[in-house]
Amino acid sequence: MKFSLVHVSTLLSLALLGCHAVTPDVYWKSMLPNSPMPKSVKDLVHTAGWTDEKYTMVGVGSRGVEVGAGTPGDQTDVGVGRGGVAVHTTHRGKPVCVGVHPGPDPFNYLYAASADQLKDDPNVALFFLENDLHHGKEMKLHFTKVDPTQKPNFLPRQIADSIPFSSNKLPQIYNKFSIKPDSLEAEIMKQTLTQCESKGIKGEEKYCATSLESMVDFSTTKLGKKVKAISTEVNVKESTPLQKYTIEGAKKLVADRAVVCHKKNYAYAVFYCHKTVSTRAYVVSLVGEDGTKAKAVAVCHTDTSKWNPKHLAFQVLKVKPGSVPVCHFLPEDHVVWVPY
């Protein structure tokens, strides 16, 4: 599915021709001079001049968002629904998967999982217990990859801020992106807006960043400027098969507070960020049966008492809210911010 983005292309041209705009990567360096940009973030930053290309086709179909650069028929597919970590694990003898594209979001801890989700097999984030994070522990994982050119980029902040981002403006948004209100594209974008506008868990501060600059600002406002951003990284260019991975080590990050930003499905890069103080973050070294190595980011929630009692994590792990820390790996295109 594809649709015209002439209006946004015009905004890009006018904004950057009319002022000396600070590009997202330059803004990062100015705000975080001592914090390297994770590869997953670099992949979403468009470093070429925005006015050098004309984006003519955009879509959010089963493959994600599609953008055509150049003339109609000469298009580049940009995926938002396929990247991440597909993980299978056996708890009490049965593989269980957590879905992350259209449908309930496993990173929304207020939702109740349906029975179908326990049988689905999309890209997933794996829930496990903190005491599983030890040398020699084996887990069946499936890391999926998406070509960096097949991902929706961040828009510069001045462009993102000029585009409506509210469920109250859905007709206007649909019109701007030439989306039919009853289409899959419309449902995906509506779902993202709904989550962005919904109330978070009590005590949690949340924000949807529609640009890299706004994600940096939210994270530094909540944690201070001495922060670093980390993401899961797998040393392969293509998706790996479902296979057994062994934990070689797990390094706990010093801070007990973090901002976690989850990549959302939208026509351009949008991140759902939330700050909690009841979390512990780890960088986990993994090696697969075929030799694939990964540095996976794991987040452990030490207080799950306010989560929905029917959240998928509790059904997978057979534990009750607030009883034990619940952990999950993050897909490659999600970001964890921690102070140092």
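Residues numbered from 1 in each chain as written. Predicted model: local features only at pLDDT ≥ 70, side-chain atom pairs only at ≥ 80, totals over all residues. Heavy atoms only, no water.

Participant: Could you clarify how one ought to interpret the packing of aromatic side chains in this entry?
Facilitator: Aromatic rings considered in pairs are described by the distance between their centres and by the relative angle of their planes. Using the criterion set out here, one finds 8 aromatic pairs in the structure. Considering the side-chain rings of W28 and W337, the 5.3 Å spacing of their centres and the 40 degrees angle between planes classify their relative orientation as tilted. Placement of the pair is W28 in helix α2 (residues 24-31) and W337 in strand β18 (residues 335-339), with a sequence separation of 309 residues. The exposure class of W337 is buried, given its relative accessible area of 0%. Summarising the aromatic geometry, the rings of F154 and F271 are spaced 5.6 Å apart at their centres and angled 20 degrees between planes, so their arrangement reads as stacked. Within this pair, whereas F154 is found in the loop between β8 (138-144) and α4 (157-160), its partner F271 is found in strand β14 (residues 270-276), the two being separated by 117 residues in sequence. For F154, a relative accessible area of 1% corresponds to the buried category. With relative accessibility at 1%, the residue F271 sits in the buried group. Ring pairing ties together the aromatic residues F165, F177, Y266 and Y268, which thus form one cluster. Looking at R157, its charged tip hangs above the ring of Y27, at a distance of 5.2 Å from the centre. (Phe/Tyr/Trp six-rings, centres within 6.5 Å; stacked < 30°, edge-to-face > 60°. Helix = DSSP H or I, 4+ residues; strand = E, 2+ residues; numbered from the N terminus. Buried < 20%, exposed > 50% of the residue type's maximum accessible area, 1.4 Å probe, protein only. Lys NZ or Arg CZ within 6 Å of the ring centre and 35° of its normal.)

Participant: Before we go on, may I ask you to explain helix α7 (residues 212-223) in this structure?
Facilitator: For an α-helix, the turn length of 3.6 residues means that residues three or four places apart are oriented alike. Taking 1.5 Å of rise per residue, 12 residues should cover 16 Å, and α7 covers 16 Å from first to last C-alpha, within 8% of that figure. With respect to burial, α7 is a largely interior element, 9 of its 12 residues being buried. Where α7 ends, the next residue or the one after it, G224, has phi of about 95 degrees, a positive value. (Expected span 1.5 Å × (residues − 1).)

Participant: I keep staring at unusual backbone geometry and nothing clicks. Help me out?
Facilitator: Negative phi characterises most residues that are not glycine, and trans characterises most peptide bonds. Here the phi dihedral of S178 falls at roughly 55 degrees; this positive angle occurs in a residue that is not glycine. Looking at the secondary structure, you find S178 in the loop between α5 (170-176) and α6 (184-197). Even without being glycine, K318 reaches a positive phi, approximately 60 degrees. In this structure, K318 sits in the loop between α8 (312-317) and β17 (326-329).

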